[in-house]
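# Survey of secondary and tertiary structure
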Amino acid sequence: MRRIIVIAAIVLAGFGALSIRVVLEGRDALATGDDWILRGKPLEAIQAFETSARWYLPLAPHVDEAYERLRKLGASEDPAVAIAAWRAIRGAARATRSLWTPHADDLAAADAAIAKLAAQDPAGAPVEGDSPQAREAWQKTRLSRDVRPSIGAAVLAALGIVLWIGGAVVLAWRGIDAAGAFARRPALAGGAAIIVGFFCWFLGLYNA
């Protein structure tokens, strides 16, 4: 029981340290973007705000603030600034997806806005019957493609990581007795979990 408590404490401490870093980096990028705005550099600000949004942590305030600033820039009368802002929203939303999509509404709005803005460029979409409507439809089709791994593949890869780590913990804490010799059953169980976990991770990652 004591070993389980120690392991849990180490995991929680690691998660806490990682969370602190995510928040600090996200707020720093947000402040950098605000500084670029004050200097009249909206494109540089967009890059900083996207970086802030990519430092995603559930309920972290800097994430929502970064998306809010990007949406405001997406309403710019300058088409270059507007489309860059929406592309930043799209990039951040897609980069932080896992089994669910944080800011799914922002992602949908970004796809629609990018399609509309890109359709205004006659060279932006090689389609027959060239018209703004045809170009916009082509852009929407292109943007709707989802290149993420399937949920099954992601779950398999995650399961592999859990087995891998769990096997290593069993091997380290139970596979060696007080005399420094291998305890046969725990050592075999830990080693098997590591091997199975590796193959699950490999299959999930490379056969998505």
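Here we summarise the structure given alongside this text. (Residues numbered from 1 in each chain as written. Predicted model: local features only at pLDDT ≥ 70, side-chain atom pairs only at ≥ 80, totals over all residues. Heavy atoms only, no water.)

### So, the side chain of Asp106
Within the element layout of this structure, Asp106 appears in helix α5 (residues 104-118). Within polar-contact distance, the side chain of Asp106 engages the side chain of His103 at 2.8 Å. Setting aside its immediate chain neighbours within four residues, Asp106 contacts Tyr67, Arg71 and Ile89. (Helix = DSSP H or I, 4+ residues; strand = E, 2+ residues; numbered from the N terminus. Polar contact = N/O pair within 3.5 Å; in protein donor to acceptor, adjacent residues only side chain to side chain. Contact = heavy atoms within 4.5 Å.)

### Overview of the pattern of salt bridges
Taken as a whole and judged by the stated rule, the model has 8 salt bridges. Between Arg69 and Asp34 there is a salt bridge; the shortest N-O distance is 2.7 Å. With Arg69 in helix α3 (residues 61-74) and Asp34 in helix α1 (residues 2-38), this residue pair connects regions lying 35 residues apart in the sequence. A relative accessible area of 24% places Arg69 in the partly exposed class. The partly exposed category is assigned to Asp34, whose relative accessible area is 28%. We note a salt bridge from Arg54 to Glu50, for which the minimum N-O separation is 3.0 Å. Here the residue Arg54 and the residue Glu50 both occupy positions in helix α2 (residues 42-54), the gap between them amounting to 4 residues, near one helical turn. (Salt bridge = Lys/Arg side-chain N within 4 Å of Asp/Glu carboxyl O. Buried < 20%, exposed > 50% of the residue type's maximum accessible area, 1.4 Å probe, protein only.)

### Here's the deal with the side chain of Arg90
The residue Arg90 is located in helix α4 (residues 79-95) in this model. Ignoring any residue separated from it by four or fewer positions in sequence, one finds Arg90 in contact with Leu107, Ala110, Asp111, Ile114 and Leu143.

### Let's talk about a nonpolar patch on the surface
Taken together, the side chains of Ile161, Trp164, Ile165, Ile195, Phe198, Phe199, Phe202 and Leu203 present a nonpolar region at the surface, about 750 Å² in accessible area. For the nonpolar patch, the secondary-structure elements that each account for two or more residues are α7 (151-173) and α8 (184-206). Element by element, the count of residues in the nonpolar patch is highest for α8, at 5 residues. Its location among the elements puts Ile165 in helix α7. (Patch = residues over 30% accessible without salt bridge, like charges linked within 9 Å, V, L, I, M, F, W, Y side chains within 5 Å. Areas by Shrake-Rupley, 256 points an atom, 1.4 Å probe, with all protein chains shown as cover.)

### Side note on unusual backbone geometry
Backbone geometry at Leu59 places phi at a positive 75°, although glycine is not the residue there. Inspection of the secondary structure assignment puts Leu59 in the loop between α2 and α3.

### Quick notes on the packing of aromatic side chains
On inspection of all chains with the given rule, the structure shows 1 aromatic pair. Each ring, one from Phe198 and one from Phe199, has its centre 5.7 Å from the other, and the planes form 75°; the classification is edge-to-face. A relative accessible area of 49% means that Phe199 is categorised as partly exposed. Its guanidinium or amino end placed over the ring of Trp36, Arg39 lies 4.3 Å from that ring's centre, counting from NZ or CZ. (Phe/Tyr/Trp six-rings, centres within 6.5 Å; stacked < 30°, edge-to-face > 60°. Lys NZ or Arg CZ within 6 Å of the ring centre and 35° of its normal.)

### Structural notes on the packing of α4 against α5
Running from amino to carboxyl end, α4 crosses α5 at an angle of 145°, the nearest separation of the two axes being 9 Å. By crossing handedness, the relation of α4 to α5 is classed as left-handed. Where α4 approaches α5, its residues Ala82, Ile83, Trp86, Arg87, Ile89, Arg90, Ala93 and Arg94 are matched on the opposing element by Asp106, Leu107, Ala109, Ala110, Asp111, Ala113, Ile114, Leu117 and Ala118. Taken together, the residues of the contact of α4 with α5 sort by class into 12 nonpolar, no polar and 5 charged. (Axes fitted to C-alpha atoms, helices over the stretch in contact; angles between N-to-C directions. Left-handed = near helix turned anticlockwise from the far one by under 90°. Nonpolar A, V, L, I, M, F, W, Y, C, P; charged D, E, K, R; others polar.)

### Remarks on the nonpolar core
Of all hydrophobic cores here, the largest spans 26 residues; its most connected members are Ile46, Phe49, Tyr67, Leu70, Leu73, Trp86 and Ile89. Going through the elements one at a time, α1, α2, α3, α4 and α5 are the ones with two or more residues in this core. Element by element, the count of residues in this core is highest for α4, at 7 residues. Beyond its immediate chain neighbours, meaning those up to four positions away, Trp86 contacts Arg71, Gly74, Ala109, Ala110, Ala113, Ile114 and Leu117. (Core = buried A, V, L, I, M, F, W, Y, C linked by side-chain atoms within 4.5 Å.)

### Some thoughts on α2
An ideal rise of 1.5 Å per residue puts 18 Å on 13 residues; α2 measures up with 18 Å between its terminal C-alpha atoms. Among the residues of α2, those classed as buried are Ala45, Ile46, Ala48, Phe49, Glu50, Ser52 and Ala53. (Expected span 1.5 Å × (residues − 1).)

### Regarding the environment of Glu44
Looking at the element boundaries, Glu44 is found in helix α2. On a C-alpha basis, the gap between Glu44 and Thr32 in space is 9.1 Å, while along the polypeptide they are 12 residues apart.

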